[in-house]
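Residue-level structural notes
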Amino acid sequence: MKKISLAALFLLLTVSTPAKIDSKSMKNTVTLKLEKQFSRNLANKEMKKLKSHVLKMKGKSVPALINVMKNEKFPDKNRWMATFLLGQIMGKKSAPFISEFSKHPNWVMRMASLKTLTALKQDSYKSVYKRLLKDDSMIVRYQALESVKKLDLRDLSGNIWAMLYDKRNYHISKDAKSKKRTHIVKNIIKTVGDLEFNKAKKPLLSMIQKKKYKDIHVEIDYALSKITKKKSPEGLPSKKRFWKKFALANTVIK
C-alpha cells in the first residue's frame with residue numbers, strides 16, 4: 001500500500017478544517033490513552049462507549065485513529081471502527097487517506113475503506129469501486145457491488161455485468177465439471193436492473209426462457225422490469241410468456 005507520511009496526512013486533514021491537529025503532539029498523553037483503549041478486545045458495550053468518547057473528542061482523537069488504522073497490533077474490529085470514526089469526524093476531507101486503505105493487504109481494512117467511502121457518499125472514487133468489484137475477497141466484492149448500487153454509479157454497469165463471468169462468484173465442483181451460482185450472482189442481476197443497464201436486456205430476455213437459469217428467474221424478472229419499465233404478471237409461467245412476447249415485439253428485423 002502506498003505510504004503516506006503522518007506529517008503529510010496531518011497537513012492534508014487540517015486544510016480548511018476547524019479541527020487543528022499538531023503532528024508534534026501525536027504521541028501526547030491523550031493519544032496514548034486512546035490508543036491503549038483501542039488495543040483491547042472490547043465487548044459491545046465497551047465499544048459503544050469508546051465510540052461515543054472519540055466522537056466527543058473530535059479532532060483531538062485523529063492522531064490515535066490514524067495510528068490504529070495503520071498498525072496491525074490493534075484488533076481488526078477496532079481498526080475497522082477507527083476508520084469509520086475518522087470518516088465521521090473529518091468528513092470528506094478524510095476520503096483521500098481512507099481510499100488508500102482500499103489497497104491494504106488485510107481484507108478487513110479494504111472493507112472498512114470501502115464502507116466508509118460509501119457512507120461519505122464519495123462517488124468520485126470510481127476507480128476504487130471498479131477495482132474492488134474484482135477483489136480476491138468475495139465479502140469485499142459483495143460490498144463493492146452494494147456501494148456501486150447505493151451511489152448509483154451507472155458508468156460501472158458494464159463492470160457489474162462482467163462479474164457474471166468471474167468464476168470466483170460460483171462454487172466450482174472438484175472435477176470442474178459443474179458450477180453453482182452463489183448468492184452474490186443474484187445481487188449482480190438485481191443491481192444490473194437497478195442501474196438500468198440496457199445492454200443487459202437482450203441476454204436477460206434469453207436467460208429467463210432457459211431452464212438452466214431457473215434459480216435466478218426471479219432476479220432476472222426484477223432486472224427486466226427495472227430496465228424496460230414493464231411489470232410482468234404474477235406466476236413464473238406467465239412471466240416467461242410475457243417476456244417472450246416482449247422480446248418478439250421488440251425484435252428488429254433487418
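Residues numbered from 1 in each chain as written. Predicted model: local features only at pLDDT ≥ 70, side-chain atom pairs only at ≥ 80, totals over all residues. Heavy atoms only, no water.

Right, let's talk about the overall build of the chain for a bit. In terms of helices and strands, the chain carries 14 helices and 2 strands. Buried positions account for 46% of the 254 residues belonging to the chain. In the chain, 62% of the contacts between residues at least 6 apart in sequence involve partners at least 24 apart. As presented, the chain carries roughly 14,800 Å² of accessible surface, and 55% of it is formed by carbon and sulfur atoms. (Helix = DSSP H or I, 4+ residues; strand = E, 2+ residues; numbered from the N terminus. Buried < 20%, exposed > 50% of the residue type's maximum accessible area, 1.4 Å probe, protein only. Contact = heavy atoms within 4.5 Å. Areas by Shrake-Rupley, 256 points an atom, 1.4 Å probe, with all protein chains shown as cover.)

Before going further, it helps to spend a moment on the layout of surface pockets. A probe as big as a water molecule, rolled over the atoms, marks out the empty space that is left. Roughly 280 Å³ of volume is contained in the largest pocket. In this structure, the largest pocket is lined by Trp161, Leu164, Tyr165, Tyr170, Lys179, Arg181, Val185, Met207, Lys212, Tyr213 and Ile216. Grouping the constituent residues of the lining of the largest pocket by class yields 8 nonpolar, no polar and 3 charged. (1 Å grid on protein atoms, 1.4 Å probe; cavity = no way out; pocket = protein on both sides within 12 Å on 5 of 7 lines; lining within 4 Å. Points joined across faces, edges and corners; volume = space filled by probe spheres on them. Nonpolar A, V, L, I, M, F, W, Y, C, P; charged D, E, K, R; others polar.)

For the structure shown, the criterion picks out 4 aromatic pairs. Members of the aromatic cluster, each reached through a chain of ring pairs, are Phe242, Trp243 and Phe246. The ring of tyrosine 222 carries the charged tip of lysine 190 above its face, separated from the ring centre by 4.8 Å. (Phe/Tyr/Trp six-rings, centres within 6.5 Å; stacked < 30°, edge-to-face > 60°. Lys NZ or Arg CZ within 6 Å of the ring centre and 35° of its normal.)

Judged by nonpolar contacts, the single largest core of 64 residues is most densely connected at Phe38, Tyr129, Ile160, Leu204 and Ile220. Top contributing element to this core by residue count: helix H4 (residues 62-70), with 6 residues. (Core = buried A, V, L, I, M, F, W, Y, C linked by side-chain atoms within 4.5 Å.)

The subject of this paragraph is the side chain of asparagine 78. With respect to the secondary-structure elements, asparagine 78 resides in helix H5 (residues 76-90). Classification of asparagine 78 as buried rests on a relative accessible area of 0%. In this structure, asparagine 78 is in contact with Phe38, Ser39, Arg40, Met47 and Val68, ignoring residues within four places of it in sequence.

Further remarks concern the packing of helix H9 (residues 138-150) against helix H11 (residues 183-194). For the pair H9 and H11, interaxial distance at closest approach is 10 Å and the crossing angle is 15 degrees. Of the possible angle classes, the one that applies to H9 and H11 is roughly parallel. The crossing of H9 and H11 is left-handed. On the side of H9, the interface is formed by Met138, Arg141, Tyr142, Leu145, Glu146 and Lys149, while H11 contributes His183, Ile184, Asn187, Ile188, Thr191 and Asp194. When grouped by side-chain class, the residues that make up the contact of H9 with H11 number 5 nonpolar, 3 polar and 4 charged. (Axes fitted to C-alpha atoms, helices over the stretch in contact; angles between N-to-C directions. Parallel < 35°, antiparallel > 145°, perpendicular 65-115°, else oblique. Left-handed = near helix turned anticlockwise from the far one by under 90°.)

Turning next to the side chain of serine 99. Looking at the secondary structure, you find serine 99 in helix H6 (residues 95-100). Of the polar contacts made by the side chain of serine 99, one reaches the backbone oxygen of proline 96; its length is 2.7 Å. (Polar contact = N/O pair within 3.5 Å; in protein donor to acceptor, adjacent residues only side chain to side chain.)

This part is about the confidence of the model for the chain. When pLDDT is averaged along the chain, the result is 89, and 86% of the positions lie at 70 or above. A low-confidence stretch, residues 14-23 stays under pLDDT 50, and its non-local contacts, those more than four residues away or across chains, total 13 contacts. (pLDDT = per-residue confidence, 0-100.)

Relative orientation of the contacting elements H11 and helix H13 (residues 217-228) amounts to 10 degrees, with a least axis distance of 7 Å. The orientation of H11 with respect to H13, classified from their angle, is roughly parallel. Side by side, H11 and H13 meet where Lys186, Ile189, Lys190, Val192, Gly193 and Asp194 of the first sit next to Glu219, Ile220, Tyr222, Ala223, Lys226 and Ile227 of the second. Its residues assigned to classes, the contact of H11 with H13 shows 6 nonpolar, 1 polar and 5 charged.

This brings us to the environment of lysine 199. For lysine 199, the location among the structural elements is in the loop between H11 and helix H12 (201-207). Taking C-alpha positions, lysine 199 is 9.3 Å from serine 157, a pair spaced 42 residues apart along the chain.

The first and last C-alpha atoms of helix H3 (residues 44-57) sit 20 Å apart over 14 residues, in line with the 20 Å expected at 1.5 Å per residue. Within the sequence span of H3, burial applies to Met47, Leu50, Val54 and Met57. Down the axis of H3, the smallest arc covering the buried residues is 85 degrees, so these residues share one side. Residues of H3 that are exposed and angled more than 90 degrees away from the buried face: Asn44, Lys45, Lys48, Lys49 and Lys56. Trailing H3 by a residue or two, lysine 58 shows a phi angle of about 55 degrees, which is positive. (Expected span 1.5 Å × (residues − 1). Arc of directions from axis to C-beta.)

With that out of the way, let us pick up a positive patch on the surface. On the surface, Lys167, Lys179, Lys210 and Lys212 cluster together to form a positively charged patch. The residue lysine 179 is located in strand S2 (residues 179-181) in this model. A relative accessible area of 54% means that lysine 179 is categorised as exposed. (Patch = residues over 30% accessible without salt bridge, like charges linked within 9 Å, V, L, I, M, F, W, Y side chains within 5 Å. Salt bridge = Lys/Arg side-chain N within 4 Å of Asp/Glu carboxyl O. Lys, Arg positive; Asp, Glu negative; His and termini not counted. Charge placed at Lys NZ, Arg CZ, Asp CG, Glu CD.)

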